[in-house]
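Chain by chain, the residues run as shown.
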Amino acid sequence: MKQQKRHQTNLISAITLIITGALLVFLGIALYNHARLEVRFDTLINYLKQIDDSVAKLDSDVEIIICIFALYIAKCQLPIPMGFLCVISGMVFPLGEAIAINIIFTEFFFIVKYVEGKCIGGGWTGMILGIKKLKFIKEWIQFKGNGNPYVLFFSRLFPVIPLGMVSRYYGSMRYDFVYYSLLSLLGFMPRLYIYTKIGSAIYNPFSVQFLVLLIIIVAFTGLSIILFNIFYGIKSKQMNQTLLIYSEKEKYKIVL
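Rules used throughout
- Residues numbered from 1 in each chain as written.
- Predicted model: local features only at pLDDT ≥ 70, side-chain atom pairs only at ≥ 80, totals over all residues.
- Heavy atoms only, no water.
- Helix = DSSP H or I, 4+ residues; strand = E, 2+ residues; numbered from the N terminus.
- Contact = heavy atoms within 4.5 Å.
- Areas by Shrake-Rupley, 256 points an atom, 1.4 Å probe, with all protein chains shown as cover.
- Axes fitted to C-alpha atoms, helices over the stretch in contact; angles between N-to-C directions.
- Parallel < 35°, antiparallel > 145°, perpendicular 65-115°, else oblique.
- Left-handed = near helix turned anticlockwise from the far one by under 90°.
- Nonpolar A, V, L, I, M, F, W, Y, C, P; charged D, E, K, R; others polar.
- Core = buried A, V, L, I, M, F, W, Y, C linked by side-chain atoms within 4.5 Å.
- Buried < 20%, exposed > 50% of the residue type's maximum accessible area, 1.4 Å probe, protein only.
- Patch = residues over 30% accessible without salt bridge, like charges linked within 9 Å, V, L, I, M, F, W, Y side chains within 5 Å.
- Salt bridge = Lys/Arg side-chain N within 4 Å of Asp/Glu carboxyl O.

J.: Outline the overall build of the chain, listing residues and values.
T.: If you tally the helices and strands in the chain, you get 12 helices and 0 strands. Reading the chain from its N terminus to its C terminus gives the helix and strand order α-α-α-α-α-α-α-α-α-α-α-α. Within the chain, counting contacts between residues at least 6 apart in sequence, those at least 24 apart form 76% of the total. Accessible area for the chain stands at about 15600 Å²; split by element, carbon and sulfur atoms hold 70% of it.

J.: Account for the packing of helix α6 (residues 95-120) against helix α11 (residues 177-201), naming residues and giving values.
T.: The interhelical angle for the contact between α6 and α11, taken along N-to-C directions, is 140°, at an axis separation of 9 Å. Considering their axes alone, α6 and α11 lie oblique with respect to each other. Where α6 crosses over α11, the two elements pack in a sense that is right-handed. Residues L95, A98, I99, N102, I103, T106, E107, F110, I111 and Y114 of α6 pack against F177, Y180, S181, S184, L185, F188, M189, L192, Y193, T196, K197 and S200 of α11. The residue inventory of the contact of α6 with α11, partitioned by class, reads 14 nonpolar, 6 polar and 2 charged.

J.: Quick one: what's the story with the nonpolar core, residue by residue and with numbers?
T.: Judged by nonpolar contacts, the single largest core of 38 residues is most densely connected at M82, Y170 and F188. For this core, the elements supplying multiple residues, two or more each, are α4 (61-75), α5 (82-92), α6, α9 (149-157), α10 (163-172), α11 and α12 (208-251). Here this core takes 8 residues from α11, the largest share from any one element. Those residues within four positions of Y170 in sequence are excluded, and the remaining contacts are Y114, I141, G147, N148, V151, L152, Y175 and Y180. Formed by 6 residues, the second largest nonpolar core is a distinct cluster that contains L27, L37, F206 and V218.

J.: For a nonpolar patch on the surface, give the residues involved together with the corresponding values.
T.: Residues I111, V115, F177, V178, L182 and L186 make up a contiguous nonpolar surface patch of about 510 Å² in total accessible area. Among the secondary structure elements, those contributing two or more residues to the nonpolar patch are α6 and α11. It is α11 that contributes the most residues to the nonpolar patch, 4 residues altogether. Residue position: F177 is located in helix α11. Classification of F177 as partly exposed rests on a relative accessible area of 35%.

J.: Account for α5, naming residues and giving values.
T.: Of all 11 residues in α5, 8 are buried, a share of seventy percent or more. Those residues of α5 lying buried are M82, G83, L85, C86, V87, I88, S89 and G90.

Rendered as structure tokens:
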């Protein structure tokens, strides 16, 4: 059983490494040939620039902000990628304004999910962490019942960890709201900036800036998956060893 789990962990890491490497090679080739690609797909780039000009001529910024805010509200209940929402703001507004808008609306999302967790409970996260095999992750997150600030921060940093599920779980633990808000925003800021920057550069998908940002996202996502998989494998092995030692003690325990 142990050997099977180790092989499974190694297989997932190997597949992730191969896919990430292939994507990075593809993006690296595109980056090296970006000048040729810009010439070859000049019609597409001009079309995207026309869309950019049309968006810039929209009459009311307030209406656009309301529409973006509505998408963030929908995100509170629907599986809309947060990166997608940040990209939209970057497409419509100048970079500085787009970042400010995304910060405010992202913090709104974090607050809503925290309140949900506080009032309703941890939801799917609590159910998943209730599985015996994931007990060590639950204990690590709860950190003696107070909530682990490091887990909260890094869960916002890594793209593979769902933002809403973590938010609800910390709300269900009644983790300090001020620390929750600050750590959530600080942890998500690097991703928020990159996603928003991609939105501002999306009208030329063959530019150096756009391709470099994609390389950063792909590399960081692949690395986070591998690291999480390795961590899970190590902790799972430690837990199995602890259970084995405990079962051996119970086997020879003399009941008077």
